[in-house]
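What follows is each chain in one-letter form.
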Amino acid sequence: MAPTPALIRTQGLGLYGLSWPDLEIAQGEHWLVRGPSGSGKSTLLMMLAGLRTPDTGEVHKATALVIGVVPQDPGLLRALSVMDNLLLAQRLRGQVADRAAALALLNQLGIEATAARRPTALSRGQQQRVAIARALLIKPGLLLADEPSANLDDDNALRMIELLRDQARANRAGLVVTSHDQRISAGFEHTLVLAAHSDNAVEQRSAR
């Protein structure tokens, strides 16, 4: 059997006095990154996404890897409707805008009624779910979600994490979720635990 191809690898990463263990995320693997505030969870995710440059070390990505990011701040364009925010994400990736696929994702997330609304008319939790739909719509090979359940109630938090997993499996995508939310701690193949305010990160791996 051929080895599962690596989507992304890190080596010797360091930034702002923090350091992280070397990491390799393969196609189809699901990772949970845990740790208290200040341990570097979000910073690691942004470096994997290419949105921050480390002081030391390197991030190696597979050729033509499409990365979908669900940030803590949804970052939706206020002047556009929810639907137009989603379709813009596809166009910016050079993809054909697919309104039916966007509506299907909104339906799965329980917010199909928001399609014509502006982000300012939505609750924080609804905005977060739109950001999740936006990341999924571009069919990423690697999906990165930063505290995606932070503003969701129990039912929507569980629905959200199952949707992330289902979509990742359907596309054979890698999935990395940062969270301190105990509600979504189960079901990940690998867990990376980061220490607080330390230059020594602790890695834990557990096969499901």
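The structure under discussion appears in the preceding block.
Residues numbered from 1 in each chain as written. Predicted model: local features only at pLDDT ≥ 70, side-chain atom pairs only at ≥ 80, totals over all residues. Heavy atoms only, no water.

*Asks:* How should I be thinking about unusual backbone geometry in this particular structure?
*Replies:* Peptide bonds are mostly trans, and most non-glycine residues show a negative phi. The residue E147 is not glycine, and still its phi comes out positive at about 50°. For E147, a relative accessible area of 8% puts it in the buried group. The phi dihedral of R172 is positive, around 50°, even though this residue is not glycine. Within the secondary structure, R172 is located in the loop between α5 (154-170) and β8 (174-178). Note on R172: relative accessible area 44%, which makes it partly exposed. (Buried < 20%, exposed > 50% of the residue type's maximum accessible area, 1.4 Å probe, protein only. Helix = DSSP H or I, 4+ residues; strand = E, 2+ residues; numbered from the N terminus.)

*Asks:* Could you clarify how one ought to interpret the nonpolar core in this entry?
*Replies:* For soluble globular proteins, the rule of thumb is that nonpolar side chains tend to be buried together. Of all hydrophobic cores here, the largest spans 35 residues; its most connected members are L106, L164 and V177. Secondary structure elements with two or more residues in this core: α2 (82-92), α3 (99-108), α4 (124-137), β7 (142-146), α5 and β8. With seven residues, the top contributor of residues to this core is α4. When sequence neighbours within four positions are dropped, the list of residues in contact with L106 reads V82, M83, L86, I111, E112, A115 and A133. (Core = buried A, V, L, I, M, F, W, Y, C linked by side-chain atoms within 4.5 Å. Contact = heavy atoms within 4.5 Å.)

*Asks:* Can you help me understand the environment of A133 in this one?
*Replies:* Within the secondary structure, A133 sits in helix α4. Judged by its relative accessible area of 0%, A133 is buried. Sequence spacing of A133 and A150 is 17 residues, and the spatial spacing of their C-alpha atoms is 16 Å. Once residues within four sequence positions are removed from consideration, A133 is found in contact with L86, L105, L106 and L109.

*Asks:* Whenever I open this one, the packing of α2 against α3 confuses me. Can you help?
*Replies:* Packed helices, taken two at a time, are described by the angle their axes make and the gap between the axes. Contact geometry for α2 and α3: axes closest at 10 Å, N-to-C directions at 120°. By the angle class used here, α2 and α3 are oblique. Handedness of the crossing formed by α2 with α3: right-handed. Of the residues in α3, those touching α2 at V82, M83, L86 and L87 are R99, A102, L103 and L106. A breakdown of the residues in the contact of α2 with α3 according to their chemical character gives seven nonpolar, no polar and one charged. (Axes fitted to C-alpha atoms, helices over the stretch in contact; angles between N-to-C directions. Parallel < 35°, antiparallel > 145°, perpendicular 65-115°, else oblique. Left-handed = near helix turned anticlockwise from the far one by under 90°. Nonpolar A, V, L, I, M, F, W, Y, C, P; charged D, E, K, R; others polar.)

*Asks:* I tried to follow the packing of aromatic side chains on my own but got confused; where do I start?
*Replies:* Think of a pair of aromatic rings as described by two things: how far the centres are apart, and how the planes are tilted against each other in angle. Here the structure, examined in full by the defined rule, presents zero aromatic pairs. Taking the ring centre of F188 as reference, the NZ or CZ of R165 above it sits at 4.6 Å. (Phe/Tyr/Trp six-rings, centres within 6.5 Å; stacked < 30°, edge-to-face > 60°. Lys NZ or Arg CZ within 6 Å of the ring centre and 35° of its normal.)

*Asks:* Please explain the packing of α2 against α4 as it appears in this structure.
*Replies:* Where α2 meets α4, the closest approach of the two axes is 9 Å, and the angle between their N-to-C directions is 30°. Considered as vectors, α2 and α4 are oriented roughly parallel to each other. Handedness of the crossing formed by α2 with α4: right-handed. Contact with α2, carried on its side by V82, N85, L86, A89 and Q90, involves V130, A133, R134 and L137 of α4 and no other residues of that element.

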